[in-house]
Protein chains: 2
Amino acid sequence: MKAISSRDNPLVKRLHALASSGRERRILGETLLDGAHLVQAALERSCRLKGLVVSESGVRKAEIADLLGEVGQGLPCHVLPDTLFAHVSPVDTPSGVLAIIDLPAEKPLGTIVDNLVVLDGVQDPGNLGTILRTAAAAGVRHVLLAEGCAGAWSPRVLRAGMGAHFVLEVHERVDLAAWLPGFGGQVLATALSGDACSLYDLDLRAPVAWVFGGEGQGVSPAVLACATRHVLIPMPGAIESLNVGAAVAVCLFEQARQLGSR
Amino acid sequence: MKAISSRDNPLVKRLHALASSGRERRILGETLLDGAHLVQAALERSCRLKGLVVSESGVRKAEIADLLGEVGQGLPCHVLPDTLFAHVSPVDTPSGVLAIIDLPAEKPLGTIVDNLVVLDGVQDPGNLGTILRTAAAAGVRHVLLAEGCAGAWSPRVLRAGMGAHFVLEVHERVDLAAWLPGFGGQVLATALSGDACSLYDLDLRAPVAWVFGGEGQGVSPAVLACATRHVLIPMPGAIESLNVGAAVAVCLFEQARQLGSR
């Protein structure tokens, strides 16, 4: 394991660029996994690591030492002083281990006859990662993101996704208004308006494209126009709105319930 | 509206302390609301503001100008250059307006014959705020937090709660292992273990104390021992875990569905 102590080291510069800039990640074709749990989840799904970077205090943690013992052989491994590690960490509370991976190749978006989650304007990385994790848990395999969503492969989204990225097909920068009209199933968009149908009055057993918008703006009018129905999550409480991640969880698990999940 | 431009100004020091330290918030008995939407939500629920602070660029935003026009009379209002505002802002992307409010007086925790959310070790402010918002939307009025959860009235939790704090009764630093055995209804703790009962096989129409643990550690053994039942959210997908905020949403809205929410 090689020690690095200078900010001018080329690897440190590369890590800092990957941690802080989506543009740099696209140029370099790489991204960062933060934390032993996420790196383990990637390995379990056959994601190839290109290198590991650990902090001096991280090396002394059991789960990171285990990880190094397991995959450290034949893989470039570097150790950084904690302050330098914090400098290249993409998160506020550095976990002590980072892995470099290639960004996945973009696959063409063909016909999908299956449930899918469609997001328009979900900019918060934590929300996006949580939604990917929920989709993967609910058994939804396809996620479509419009231009304007957070980058799916940013380190913060990966961290919140907790491995979901490696079991999903995530399509980014999709022209939803062009793609959705060709979808064969129901297109359901959550809404607060009065003409919407209650979630619990819908038959959700056939394929559904679930459309959700970001906080604030919601779903754009062009995308909303593609919905075959507007759906309302009935809220008996005094507050009549949910975080978008919570709304996705309620909808996808109501569908799983109707599909017989036990 | 008074202009402030120095970091040495006593109000700036007070704001910075409130933004960055739970201990300072308790000593001063105050906290900060960040963003026009949250301040409006507080006003709608009769929360008394003690002062408003806006950034120079914030003043030019319509929603903040409206807020100043509505409540600025008779309230101490200060304007700060954007860099100084960022210095006192409790969030990464300053909204341009902060309100100072008193921390609410702690109420004694008596007998509750109603649904409630019980959290053990939920440390992430965003998760906690989202859970409070979900509880308020689902019609759950009481939330109990064990020692070790994030501070409910921290600016980041308030921001994620989006006004939920003002319709809920939140009890902090509750000795759950002492209180839960006296609860008259079911105590349901989410678990991944095999002896748990499926959420969809439970009758949730009588009062439930829903117990959730934080990421990583989960519910502590002493609290888990108070559960009358362990509950499993069936996950048909390839990933078998949910963000705690998503798990809360699935459980509370399944209960609302069973209670006849339409």
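Source: prediction; values computed, not measured.

Novice: Which residues make up the pairing of strand E3 (residues 49-55) of chain B, and what values do they have?
Specialist: Residues and elements named next belong to chain B. Where burial is concerned, most of E3 is hidden: 6 out of the 7 residues are buried. Bridge analysis of E3 against strand E5 (residues 97-102) gives 5 bridges, and the strand direction is antiparallel. From the neighbouring strand, Leu49 faces E5, where its bridge partner is Ile101. Two strands pair when backbone bridges link them, and E3 and strand E4 (residues 77-80) are joined in this way by 4 bridges, in the parallel orientation. Following the sheet pairing, Val54 is matched in E4 by Val79. Traced from E3 through helix H4 (residues 62-71) to E4, the parallel crossover comes out right-handed.

Novice: Report on the interface of chain B and chain A, specifying residues and quantitative values.
Specialist: Contacts between the two partners involve 36 residues from chain B and, on the opposite side, 36 residues from chain A. Linking B:Arg257 and A:Glu254 is a salt bridge whose minimum nitrogen-to-oxygen distance equals 3.9 Å. Counting the contacts that link chain B with chain A gives 14 residue pairs in polar contact (both at pLDDT 80 or more). Going through the elements one at a time, helix H6 (125-138) and helix H10 (244-258) of chain B are the ones with two or more residues in the side of chain B that touches chain A. Taken together, the residues of the side of chain B that touches chain A sort by class into 19 nonpolar, 9 polar and 8 charged.

Novice: How would you summarise the nonpolar core if you had to cite specific residues and measurements?
Specialist: Of all hydrophobic cores here, the largest spans 132 residues; its most connected members are A:Leu33, A:Leu52, B:Leu33 and B:Leu52. Setting aside its immediate chain neighbours within four residues, A:Leu33 contacts A:Leu38, A:Val39, A:Ala42, A:Leu49, A:Val97, A:Leu98, A:Ala99, A:Ile101, A:Leu158 and A:Phe166.

Novice: Before we move on, could you go through the packing of aromatic side chains and cite the residues and values that matter?
Specialist: All names here are of chain A. Under the definition given, this model contains 6 aromatic pairs over all chains. A ring pair is formed by Trp153 and Phe166, whose centres lie 6.1 Å apart and whose planes are at 65 degrees; its orientation type is edge-to-face. Residue Trp153 is located in the loop between strand E7 (142-146) and helix H7 (155-161), and its partner Phe166 is located in the loop between H7 and strand E8 (169-174); the two are separated by 13 residues in the primary sequence. The buried category is assigned to Phe166, whose relative accessible area is 16%.

Novice: Outline unusual backbone geometry, listing residues and values.
Specialist: All names here are of chain B. The phi dihedral of Ser46 falls on the positive side, at around 65 degrees, and the residue is not glycine. Take Ser46: it is sitting in the loop between helix H3 (36-44) and E3. Judged by relative accessible area, which is 67%, Ser46 ranks as exposed. You will see that Arg173, though not glycine, has its phi angle at about 50 degrees, which is positive. Tracing the sequence through the fold places Arg173 in strand E8 (residues 169-174). Owing to a relative accessible area of 38%, Arg173 belongs among the partly exposed residues under this scheme.

Novice: Summarise the environment of A:Val71; cite the residues concerned and give the values.
Specialist: Residues and elements named next belong to chain A. With respect to the secondary-structure elements, Val71 resides in helix H4 (residues 62-71). Judged by its relative accessible area of 17%, Val71 falls in the buried class. Residues Val71 and Leu49, 22 residues apart in the sequence, show an inter-C-alpha distance of 9.0 Å.

Novice: Could you give an account of the domain arrangement of chain A, with specific residues and numbers?
Specialist: All names here are of chain A. Domain annotation of chain A identifies domain 1 (2-102) and domain 2 (116-258). Taken over C-alpha atoms, the centre of domain 1 sits 31 Å from the centre of domain 2. Overall, the association of domain 1 and domain 2 removes approximately 1,200 Å² of surface from exposure, summing both partners, and the carbon and sulfur fraction of that is 70%. Salt-bridge contacts for Asp34 lead to Arg159; the nearest nitrogen and oxygen are separated by 2.0 Å. For the interface between domain 1 and domain 2, the tally reads 2 residue pairs in polar contact (both at pLDDT 80 or more). Where the side of domain 1 that touches domain 2 is concerned, the elements lending two or more residues are helix H1 (10-20), strand E2 (30-34) and helix H3 (36-44). For the side of domain 1 that touches domain 2, the per-class residue count stands at 11 nonpolar, 4 polar and 3 charged.

Novice: Which residues make up the environment of B:Val174, and what are the values?
Specialist: All names here are of chain B. When you line up the elements, Val174 lands in strand E8. Note: C-alpha distance between Val174 and Leu145 (29 residues apart in sequence) is 5.9 Å. Setting aside chain neighbours within four positions, we find Val174 in contact with Leu109, Leu144, Leu145, Ala146, Glu147 and Trp179.

Novice: Outline the UniProt feature "domain: RNA 2-O ribose methyltransferase substrate binding" (unreviewed entry) in chain A, supporting the account with residue identities and numerical values.
Specialist: Here, the residues flagged by UniProt with the feature "domain: RNA 2-O ribose methyltransferase substrate binding" (unreviewed entry) are residues 32-107 of chain A. End C-alpha to end C-alpha, residues 32-107 of chain A measures 21 Å, and it is 34% helix and 26% strand.

Novice: Kindly report on the relation of the copies chain B and chain A, identifying the contributing residues and their values.
Specialist: The transform that puts chain B on chain A rotates by 180 degrees and translates by 0.0 Å along the axis, for an RMSD of 0.0 Å. Taken together, the turn and the small shift mark the pair as related by a two-fold rotation axis. Take the interface residues of chain B: 100% of them recur as interface residues in chain A, which is what a same-surface contact looks like.

Novice: Hey, could you go over the packing of H3(B) against H4(B) for me, with residue numbers and the actual values?
Specialist: Residues and elements named next belong to chain B. Between H3 and H4, the shortest axis-to-axis distance is 10 Å and the interhelical angle comes to 30 degrees. On the basis of their axis angle, the class for H3 and H4 is roughly parallel. H3 and H4 meet at a crossing whose hand is left-handed. Residues Ala36, Val39, Gln40 and Leu43 of H3 lie in contact with H4, whose contacting residues are Glu63, Ile64, Leu67, Glu70 and Val71. For the contact of H3 with H4, a count of residues per class yields 6 nonpolar, 1 polar and 2 charged.

Novice: Can you lay out a negative patch on the surface for me, pointing to particular residues and giving the numbers?
Specialist: All names here are of chain A. A cluster of acidic side chains, namely Glu44, Glu63, Asp66 and Glu70, defines a negative patch on the protein surface. With 3 residues, H4 is the single largest residue contributor to the negative patch. Looking at the secondary structure, you find Asp66 in helix H4. Assessed through its relative accessible area of 53%, Asp66 is described here as exposed.

Rules of the game
Residues numbered from 1 in each chain as written. Chains lettered and ligands numbered in written order. Predicted model: local features only at pLDDT ≥ 70, side-chain atom pairs only at ≥ 80, totals over all residues. Heavy atoms only, no water. Buried < 20%, exposed > 50% of the residue type's maximum accessible area, 1.4 Å probe, protein only. Helix = DSSP H or I, 4+ residues; strand = E, 2+ residues; numbered from the N terminus. Pairing = 2+ DSSP bridges. Right-handed = clockwise from strand over helix to strand, strands pointing away. Contact = heavy atoms within 4.5 Å. Salt bridge = Lys/Arg side-chain N within 4 Å of Asp/Glu carboxyl O. Polar contact = N/O pair within 3.5 Å; in protein donor to acceptor, adjacent residues only side chain to side chain. Nonpolar A, V, L, I, M, F, W, Y, C, P; charged D, E, K, R; others polar. Core = buried A, V, L, I, M, F, W, Y, C linked by side-chain atoms within 4.5 Å. Phe/Tyr/Trp six-rings, centres within 6.5 Å; stacked < 30°, edge-to-face > 60°. Domains from an automatic or database assignment. Buried area = accessible area lost by both parts, 1.4 Å probe. UniProt positions renumbered as here; feature names shortened; annotations may be inferred. Least-squares fit on C-alpha atoms with pLDDT ≥ 70 in both. Axes fitted to C-alpha atoms, helices over the stretch in contact; angles between N-to-C directions. Parallel < 35°, antiparallel > 145°, perpendicular 65-115°, else oblique. Left-handed = near helix turned anticlockwise from the far one by under 90°. Patch = residues over 30% accessible without salt bridge, like charges linked within 9 Å, V, L, I, M, F, W, Y side chains within 5 Å. Areas by Shrake-Rupley, 256 points an atom, 1.4 Å probe, with all protein chains shown as cover. Lys, Arg positive; Asp, Glu negative; His and termini not counted. Charge placed at Lys NZ, Arg CZ, Asp CG, Glu CD.

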